[in-house]
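Chain by chain, the residues run as shown.
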Amino acid sequence: MDVKTDVLIIGSGIAALQAALLLEEHFKIQIVTKSSVHTSSSYRAQGGIAAVISEEDHIDCHVADTLKAGEFHHESRHVQTLIEEGTKIMRNYLKAGFPIDRHNNGAPALGLEGAHSHHRILHAGGDRTGQIFIDYLLHKLSPNTKINCYEMAYELLLNKNGDCIGVLTKGREGTKRYFAHHVILATGGAGALYSSTSNDPTNTGDGIALAFRAGAAISDMEFIQFHPSLLWCENEAKGLISEAVRGAGGIFVDAQRRPIMKGIHAQLDLAPRHITALALFKKRAAGEETFLDISSIQNFDVKFPSITQLCRNNHVDLQEGLIPVSPGSHFLMGGIIADDKGRTTIANLYAIGEVACTGVHGANRLASNSLLEGITFGQRMAYFIIQQGCSQKDFLLANDKNVDSMPLLFSKQQLQQHMMQYLGIVRNGDDLQYSLQQLPSIHALLHANLKGLQQIELELYMMHVVATLITHAAITRTETRGAHIRSDNPKMEAQWANRWIIFSQGQMKVRNSLYEYHQTRGNAQAIF
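Bear in mind that the values here come from a model prediction, so they are computed numbers and not experimental data.

1. A short note on the overall build of the protein chain
Here comes step 1: Within the protein chain, the secondary structure is distributed over 15 helices and 23 strands.
Here comes step 2: Against the compact-globule benchmark of 24 Å for 528 residues, the protein chain has a radius of gyration of 22 Å, which places it among compact chains.
Here comes step 3: Taken along the three principal axes of its C-alpha coordinates, the protein chain extends 65 × 55 × 45 Å.
Here comes step 4: Counting only residues that meet the buried cut, the protein chain has 62% of its 528 residues in that class.
Here comes step 5: Nonlocal contacts in the protein chain, meaning residues at least 24 apart in sequence, comprise 72% of its contacts between residues at least 6 apart.
Here comes step 6: A total accessible area of about 20600 Å² is found for the protein chain, and carbon and sulfur atoms account for 48% of it.
Here comes step 7: Here the protein chain contributes 48 positively and 51 negatively charged side chains, and the mean placements of these two sets differ by 3 Å.

Below is the structure:
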């Protein structure tokens, strides 16, 4: 079945919907999403949106907090764009009536989260910001945007010039071929590669694998943020306990209610996530239980209704004031290299949101900058595409050169446990080398024939592609920086400052810039 459209968006989180809302006034839009629109990381986001709203705050402070949290491994001009334009967009949303939480006097109820120097976190519905924002955007979409749920994109379609012209999907109606002038990847992250994660099980890094297989450049795959506070019951993660809980007064404690972060960091429980996650990891590795003490937070159930229900569903008695927590994978700072307009190293292919690497998050994302990223770069990309119009004339497919047999793969559960053990919060060279030996080679994965595979098999293949990229990057960066923690070299090294590990066309290079001249489908050209 063939479907022709102007713009094809793969994914249905906040970046996808922000872009669709602007693009649908000019183009026919098709959205393809792997599950329902209510399973994205955006929809599940308990935290809020960081934006400079109060008079006491300043753009420069938000920029400085972002750079510091990410260990200055950034594309600084894009950070400036994120904060400046993101703040303007959020102010416009407030003027338009987006229902944020407010004080009795009508002023925005601004929260505080880890590594922020000011109260600047906008929330909606207490801990339901993502859900309310997604529903808000969906309500505004017109019938000009068609949403196709429960379809998995598994192969980007290229013409003989190497331009992206569409995608293959597999779903309830079988296999479809979508053709479009512009193809946008907004597929989210890869948290579900790990056995302990805050992400939905569908977040398996598909967009990154799609782009890498097509030849697009990928970077920063070693930087995976582990959130310190996932609800931990019956020896498994049950869901996220938002950082906003600590902003409201919650503190990390052991079983004797002794503070865990005391003496570790000046900001104590509001330190950057890689610091708090590491502190809890060490406690748990020593056989101790870890908790979030919420006894000082009044009206907890009113302020955090979703978390309250999550705890009740898992038989956690909040009257005791202790929530059992453990770290788990949360956010991928790396992804498909994209510029500030979403352009990748493949013509007509764009990447926005968590699947993209624009250099705004550095080595460790600042809390509540993720939804801000989605709306900011979703809007910038949409405006660029509107200016470009629909100009693709060549929709003739290039010959498929991926004809090799599929290499031996782990089961999904085996891979998730493998990643948690060898590519988790703390890594070392020996474990990383062992991990690489157990995983299929980049070459074998890159050229595997996907024809005839079922959706569950395709997903497992995508997971292995992303896992292998993460492992190669983690081995290559021999220092500790941000969320990439090496026990065999626990310090940052000057020689690794402003160095990016780039995968493209089946090769890996270490470069001094995120953006350089790229070799795309045999033609040397400046993509950015």
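2. Details of the confidence of the model for the protein chain
Here comes step 1: On average, residues of the protein chain score 94 in pLDDT, and 97% of them are at 70 or above.
Here comes step 2: For the stretch residues 517-528, pLDDT sits under 50, and the model shows 31 contacts to residues farther than four places along the chain or on other chains.

3. Describing the domain arrangement of the protein chain
Here comes step 1: Entries for the protein chain in the domain assignment read domain 1 (1-219 + 332-386) and domain 2 (223-328).
Here comes step 2: The gap between the C-alpha centroids of domain 1 and domain 2 is 27 Å.
Here comes step 3: Listed by partner, the interface residues are 27 residues for domain 1 and 26 residues for domain 2.
Here comes step 4: For the pairing of domain 1 and domain 2, the buried interface totals around 2100 Å² over both sides, and the portion due to carbon and sulfur atoms is 55%.
Here comes step 5: It is Gln46, Asp127 and Ser196 in domain 1 that bury the most area against domain 2; as a group they hold 25% of the surface buried on that side.
Here comes step 6: The interface formed by domain 1 and domain 2 includes zero salt bridges.
Here comes step 7: The tally of links from domain 1 across to domain 2 stands at twelve residue pairs in polar contact (both at pLDDT 80 or more).
Here comes step 8: Classifying every residue of the side of domain 1 that touches domain 2 gives eight nonpolar, 14 polar and five charged.

4. Some words on the pairing of strand β11 (residues 236-240)
Here comes step 1: Here strand β10 (residues 224-233) pairs with β11 via four bridges, running antiparallel. The residue bridging leucine 230 from the neighbouring strand is leucine 240, located in β11.

5. A few points about the packing of aromatic side chains
Centre distance and the angle of the planes are the two values used to describe a pair of aromatic rings.
Here comes step 1: Tallying each qualifying case throughout the model produces eleven aromatic pairs.
Here comes step 2: Centre to centre, the rings of phenylalanine 98 and phenylalanine 133 are 4.4 Å apart; their planes meet at 35 degrees, and the pair counts as tilted. A residue pair is termed long-range when its members are at least 10 positions apart, and phenylalanine 98 in the loop between α4 (76-95) and β4 (121-122) and phenylalanine 133 in helix α5 (residues 129-140) qualify at 35 residues.
Here comes step 3: Relative to tyrosine 434, the ring of tyrosine 422 has its centre 5.3 Å away and its plane inclined at 50 degrees; by these criteria the two rings are tilted. A residue pair is termed long-range when its members are at least 10 positions apart, and tyrosine 422 in helix α12 (residues 412-422) and tyrosine 434 in helix α13 (residues 429-438) qualify at twelve residues.
Here comes step 4: Three or more aromatic residues joined by ring pairs form one cluster here, namely Tyr93, Phe98, Phe133 and Tyr136.
Here comes step 5: The positively charged end of arginine 172 is found above the aromatic ring belonging to tyrosine 150, 4.1 Å away from the centroid.
Here comes step 6: Arginine 365 extends its terminal NZ or CZ atom over the ring of phenylalanine 331, reaching a point 4.2 Å from the ring centre.

6. Brief notes about the pattern of salt bridges
It is possible for side chains bearing opposite charge to pair when their charged atoms get close.
Here comes step 1: This model, assessed by the stated rule, comprises 26 salt bridges.
Here comes step 2: We note a salt bridge from lysine 176 to glutamate 151, for which the minimum N-O separation is 2.8 Å. Residue lysine 176 is located in strand β8 (residues 174-185), and its partner glutamate 151 is located in strand β6 (residues 151-158); the two are separated by 25 residues in the primary sequence. Judged on exposure class, the residue lysine 176 and its partner glutamate 151 are both buried.

7. Focus on α13
Here comes step 1: Looking at α13, one finds that the buried residues are Gly429, Leu432 and Ser435. Here the buried residues of α13 occupy an arc of 125 degrees about the axis, which is enough to place them on one side. Of the exposed residues in α13, the ones pointing more than 90 degrees away from its buried face are Asp430 and Gln437.
Here comes step 2: The inward-facing, buried residues of α13 contact α12, β18 (426-427), α15 (455-476) and β19 (485-486).

8. Structural notes on the side chain of serine 198
Here comes step 1: Within the secondary structure layout, serine 198 lies in the loop between β8 and α6 (206-214).
Here comes step 2: Here asparagine 199 takes part through its side chain, which lies 3.3 Å from a polar atom of the side chain of serine 198.
Here comes step 3: Ignoring any residue separated from it by four or fewer positions in sequence, one finds serine 198 in contact with Arg44, Leu230, Leu240, Ser329 and His330.

Rules behind the numbers
Residues numbered from 1 in each chain as written. Predicted model: local features only at pLDDT ≥ 70, side-chain atom pairs only at ≥ 80, totals over all residues. Heavy atoms only, no water. Helix = DSSP H or I, 4+ residues; strand = E, 2+ residues; numbered from the N terminus. Rg over C-alpha atoms; globule rule 2.2 N^0.38 Å. Buried < 20%, exposed > 50% of the residue type's maximum accessible area, 1.4 Å probe, protein only. Contact = heavy atoms within 4.5 Å. Areas by Shrake-Rupley, 256 points an atom, 1.4 Å probe, with all protein chains shown as cover. Lys, Arg positive; Asp, Glu negative; His and termini not counted. Charge placed at Lys NZ, Arg CZ, Asp CG, Glu CD. pLDDT = per-residue confidence, 0-100. Domains from an automatic or database assignment. Buried area = accessible area lost by both parts, 1.4 Å probe. Salt bridge = Lys/Arg side-chain N within 4 Å of Asp/Glu carboxyl O. Polar contact = N/O pair within 3.5 Å; in protein donor to acceptor, adjacent residues only side chain to side chain. Nonpolar A, V, L, I, M, F, W, Y, C, P; charged D, E, K, R; others polar. Pairing = 2+ DSSP bridges. Phe/Tyr/Trp six-rings, centres within 6.5 Å; stacked < 30°, edge-to-face > 60°. Lys NZ or Arg CZ within 6 Å of the ring centre and 35° of its normal. Arc of directions from axis to C-beta.

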